[in-house]
Amino acid sequence: MNIVGIITFLSLSLLLMSLLLIYSKLKHQTPGKLAAIIVFFLLNAVPLVYVVYIEQSMDYASSSFTLGSAFMIIWLITAVILFLGILFRVRSGKEDPYY
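Residues numbered from 1 in each chain as written. Predicted model: local features only at pLDDT ≥ 70, side-chain atom pairs only at ≥ 80, totals over all residues. Heavy atoms only, no water.

1. Thoughts on helix H3 (residues 65-91)
- For H3, spanning 27 residues, the distance from its first C-alpha to its last is 39 Å, which sits close to the expected 39 Å at 1.5 Å a residue.
- Considered for burial, the residues of H3 that qualify are Leu-67, Ala-70, Phe-71, Ile-74, Thr-78, Ile-81 and Gly-85.
- Where H3 is buried, its residues meet helix H1 (3-24) and helix H2 (31-57). (Helix = DSSP H or I, 4+ residues; strand = E, 2+ residues; numbered from the N terminus. Expected span 1.5 Å × (residues − 1). Buried < 20%, exposed > 50% of the residue type's maximum accessible area, 1.4 Å probe, protein only. Contact = heavy atoms within 4.5 Å.)

So, in structure tokens, the structure goes:
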């Protein structure tokens, strides 16, 4: 596995953990909300995996502008979601027995 695959795996893992952090702090954890989180994750993961696959399958050198743009968008989304998850965690920390 090359470095792009490792970065892709780590980026998507962090995105999934951020989404699950938000899901864990919801008051009513229903299967519908979990399905919405999974759909949101897939809507963000599939384009990144597609761009990485296309860049890996090319035989010629490209500028990798699309690859960098895809990673930047995923990292921005992950940063915002992680910030919201940490914010939910801090705000509801007083009633959480595991805090």
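Next comes the rest of the write-up.
2. Notes on the nonpolar core
- Judged by nonpolar contacts, the single largest core of 17 residues is most densely connected at Leu-19, Phe-41, Leu-48, Val-52, Leu-67 and Phe-71.
- Broken down by secondary-structure element, the contributors of at least two residues to this core are H1, H2 and H3. (Core = buried A, V, L, I, M, F, W, Y, C linked by side-chain atoms within 4.5 Å.)

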